[in-house]
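Letter by letter, the chains look like this.
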Amino acid sequence: MKEFFSKYVTLRKHNAQVAWKKAKKSKMCYAFLAPYAILFTLFYVVPVVISIFYSFTYYNILEKPRFIGLANYISLILEDDIFLIGIKNTLMIAIITGPLGYIMSFLFAWLINELPRWVRSIAVIVFYAPSIAGNCYVIFSVFFRGDAYGYVNAFLMNLGIIDAPVLWFINPDYMLPVCMLVILWMSLGTGFLSFVAGLQGVDRSQFEAGYMDGIKNRWQELWYITLPNMKPMLMFGAVMSITQAFGVCDVTMALCGYPSTDYAARTIVTHLFDYGFTRFEMGYACAIATILFLMMILCNKAQENIEKPYRKKLIKKRKPNRSIWGDIFLYLFLAFVALVMAFPIIYAVSSALKPLDELFKFPPTILAKNPTMDNFSDLFVTMGKSWVSFSRYLFNT
């Protein structure tokens, strides 16, 4: 046994010496890498390590941290019923919106890639816009408003499906499903852009070789050529999708309130926000963050293990069949989805052009009948005379 450890230590020393010699040869590469490595360590690795340390302490910012062992974790799992509700809601959001958002991102990126260049550029902007529209998701509080002025309630009442308005963001039965719908609307983010870029980078000569080897249609192109070439982008998109799904907080807080009715829209991040920034129990909040961190790592690891390499097969030689009716259906389908994605933003712009009497009109209207710039005038002129002008907010942003 002693001889084994001696050989092991000798081998590790030898490997360390070899690694050091290689590092000395590549010192310029490490010099270029150093700024990013230092910033990444300071602002990502160090905060994670500090958070894990504080999770074993009682720390309320005002007093020195006091080590209490696993008390925070025991309290979270065995005593904190609201945290368990948050885990359930977070897992539901991650299981439903994570894979659906991932599939939607790739599917729409793949379909958009078939469009002409100028149409493709417009389509990418329209599909990507919801994820960069800031707090534009708050417009859904108007669509799902809990009275007859809400668009969904007005539509359902006109059809005779419901007799009285539904309180979408107060009734626990509807809160989480509506929030998931909003999250899906915002899901075409960074992963979607990586898929668009990855599809542009696939070598076109591979498609020509595939036609010679027997690729017959676009689905076979996708399976045998496109997906194997996009493994790095697919992995990146999966990681981003999981991270975004577990980090849901702003949408549920803005739409369902803080706290929500019966904590029906409570998530782990909302619980963390409550204890970290409302109650200032930082030790407890760090324990919540550590559990969330471990859950995300485990889910990412499981996703890596599920992913398997694709196999290429040679099939009967035949030219791919591209039907003009298929192209027409593709364009119509993408146009419809683009309209759905852009509708909330279009409504927000239209509402900004509505006079005050049109905003509270029943039944509600989508487009402004008498558009006016009074709202913008009030924003820059009237607020400009107040003690803090809107231009100052704009400059800060």
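In case you missed it, the structure is sitting above this.
Parameters at a glance
Residues numbered from 1 in each chain as written. Predicted model: local features only at pLDDT ≥ 70, side-chain atom pairs only at ≥ 80, totals over all residues. Heavy atoms only, no water. Phe/Tyr/Trp six-rings, centres within 6.5 Å; stacked < 30°, edge-to-face > 60°. Lys NZ or Arg CZ within 6 Å of the ring centre and 35° of its normal. Core = buried A, V, L, I, M, F, W, Y, C linked by side-chain atoms within 4.5 Å. Buried < 20%, exposed > 50% of the residue type's maximum accessible area, 1.4 Å probe, protein only. Helix = DSSP H or I, 4+ residues; strand = E, 2+ residues; numbered from the N terminus. Contact = heavy atoms within 4.5 Å. Arc of directions from axis to C-beta. Axes fitted to C-alpha atoms, helices over the stretch in contact; angles between N-to-C directions. Parallel < 35°, antiparallel > 145°, perpendicular 65-115°, else oblique. Nonpolar A, V, L, I, M, F, W, Y, C, P; charged D, E, K, R; others polar. Polar contact = N/O pair within 3.5 Å; in protein donor to acceptor, adjacent residues only side chain to side chain. Patch = residues over 30% accessible without salt bridge, like charges linked within 9 Å, V, L, I, M, F, W, Y side chains within 5 Å. Areas by Shrake-Rupley, 256 points an atom, 1.4 Å probe, with all protein chains shown as cover. Salt bridge = Lys/Arg side-chain N within 4 Å of Asp/Glu carboxyl O. Lys, Arg positive; Asp, Glu negative; His and termini not counted. Charge placed at Lys NZ, Arg CZ, Asp CG, Glu CD. 1 Å grid on protein atoms, 1.4 Å probe; cavity = no way out; pocket = protein on both sides within 12 Å on 5 of 7 lines; lining within 4 Å. Points joined across faces, edges and corners; volume = space filled by probe spheres on them.

Topic: the packing of aromatic side chains
Evaluation of the coordinates by the stated rule reveals 18 aromatic pairs. Here the aromatic cluster, defined as three or more aromatic residues joined through ring pairs, consists of Phe140, Phe143, Tyr151 and Trp185. Seen from the ring of tyrosine 275, arginine 279 lies directly overhead, with NZ or CZ sitting 4.2 Å from the centre.

Some thoughts on the nonpolar core
The biggest cluster of nonpolar side chains holds 56 residues, and the ones touching the most others in it are Phe106, Phe108, Ile112, Phe127, Phe140 and Phe192. At 8 residues, helix 8 (residues 172–185) tops the list of elements feeding residues into this core. Those residues in contact with phenylalanine 127 that lie beyond four places of it in its chain are Phe108, Ile112, Leu188, Phe192, Leu334, Val337, Ala338 and Met341. Membership of the second largest hydrophobic core comes to 21 residues, among which are Ala94, Ala287, Leu292 and Met296.

What to know about helix 10 (residues 204–213)
Listing the buried residues of helix 10 in full gives Phe207, Gly210 and Tyr211. In a view along the axis of helix 10, the buried residues occupy a sector of 100°, so they form one face of it. In helix 10, the exposed positions that point more than 90 degrees away from the buried face belong to Glu208 and Met212. Of the surrounding elements, those touching the buried residues of helix 10 are helix 11 (218–229). Where helix 10 ends, the next residue or the one after it, glycine 214, has phi of about 115°, a positive value.

Section: the packing of helix 11 against helix 12 (residues 231–246)
To characterise two packed helices, one gives the angle between the axes of the helices and the distance between these axes. It is at 5 Å that the axes of helix 11 and helix 12 come closest, and there the two elements cross at 70°. When the axis of helix 11 is compared with that of helix 12, the two are roughly perpendicular. Residues Leu227, Pro228 and Asn229 of helix 11 form the contact with helix 12, whose own contacting residues are Lys231, Pro232, Met233 and Leu234. Among the residues making up the contact of helix 11 with helix 12, the classes are represented as 5 nonpolar, 1 polar and 1 charged.

With respect to the side chain of threonine 267
Looking at the element boundaries, threonine 267 is found in the loop between helix 13 (250–256) and helix 14 (268–278). Take threonine 267: its relative accessible area is 1%, and that puts it in the buried class. Here threonine 270 takes part through its side chain, which lies 2.7 Å from a polar atom of the side chain of threonine 267. If near-sequence neighbours (up to four positions away) are discounted, threonine 267 is found in contact with Gly86, Thr90, Ile93, Val248, Cys249 and Thr252.

Some points on a positive patch on the surface
Positive charge collects at one region of the surface, where Lys21, Lys22, Lys24, Lys25 and Lys27 lie side by side. In terms of residue count, the dominant contributor to the positive patch is helix 1 (residues 2–25) (4 residues). As for its position among the elements, lysine 25 is in helix 1. Residue lysine 25 is classed as exposed on the basis of its relative accessible area, which comes to 75%.

Considering empty space enclosed by the protein
Left-over empty space is what a probe sized like a water molecule reveals as it rolls over the atoms. The full count for this structure, using the stated rule, is 1 cavity of 30 Å³ or more. In this structure, the largest cavity is lined by Thr252, Met253, Gly257, Pro259, Ser260, Ala265, Arg266 and Thr270. Of the residues contributing to the lining of the largest cavity, the split by class is 3 nonpolar, 4 polar and 1 charged.

Notes on the side chain of serine 350
Tracing the backbone shows serine 350 in helix 16 (residues 324–352). Those residues in contact with serine 350 that sit more than four places away from it in its chain are Ile366, Leu367 and Ala368.

Notes on unusual backbone geometry
Following tyrosine 258, the chain continues into proline 259 via a peptide bond in cis, with omega recorded as 5°. Along the chain, proline 259 falls in the loop between helix 13 and helix 14. Positive phi, normally seen in glycine, also occurs at tyrosine 263, with a value near 55°. Residue position: tyrosine 263 is located in the loop between helix 13 and helix 14. By relative accessible area, which is 28% here, tyrosine 263 ends up partly exposed. Phi at phenylalanine 280 is positive, roughly 60°, even though this residue is not glycine. Mapped onto the elements, phenylalanine 280 comes out in the loop between helix 14 and helix 15 (282–306).

Notes on the environment of tyrosine 59
Position of tyrosine 59 among the secondary structure elements: in the loop between strand 1 (57–58) and strand 2 (66–67). Taking the C-alpha atoms as reference, tyrosine 59 lies 52 Å from glutamate 358; in sequence the two are 299 residues apart. Those residues within four positions of tyrosine 59 in sequence are excluded, and the remaining contacts are Tyr54, Lys64, Pro65, Phe280, Glu281, Met282 and Gly283.

Observations regarding the environment of alanine 342
Tracing the chain through its elements places alanine 342 in helix 16. When the C-alpha atoms of alanine 342 and isoleucine 125 are compared, they prove to be 9.8 Å apart, with 217 residues separating the residues in sequence.

Re helix 7 (residues 151–159)
Three or more residues of helix 7 are buried, namely Tyr151, Asn153, Ala154 and Leu156. At the exit of helix 7 stands glycine 160, carrying a positive phi of roughly 80°.

Quick notes on the pattern of salt bridges
Taken as a whole and assessed by the stated rule, the structure comprises 2 salt bridges. Residues arginine 266 and aspartate 274 are paired through a salt bridge, measuring 2.6 Å at the closest nitrogen-oxygen approach. With relative accessibility at 8%, the residue aspartate 274 sits in the buried group. The partner of aspartate 274 in a salt bridge is arginine 279, and the shortest N-O contact between them spans 3.1 Å.

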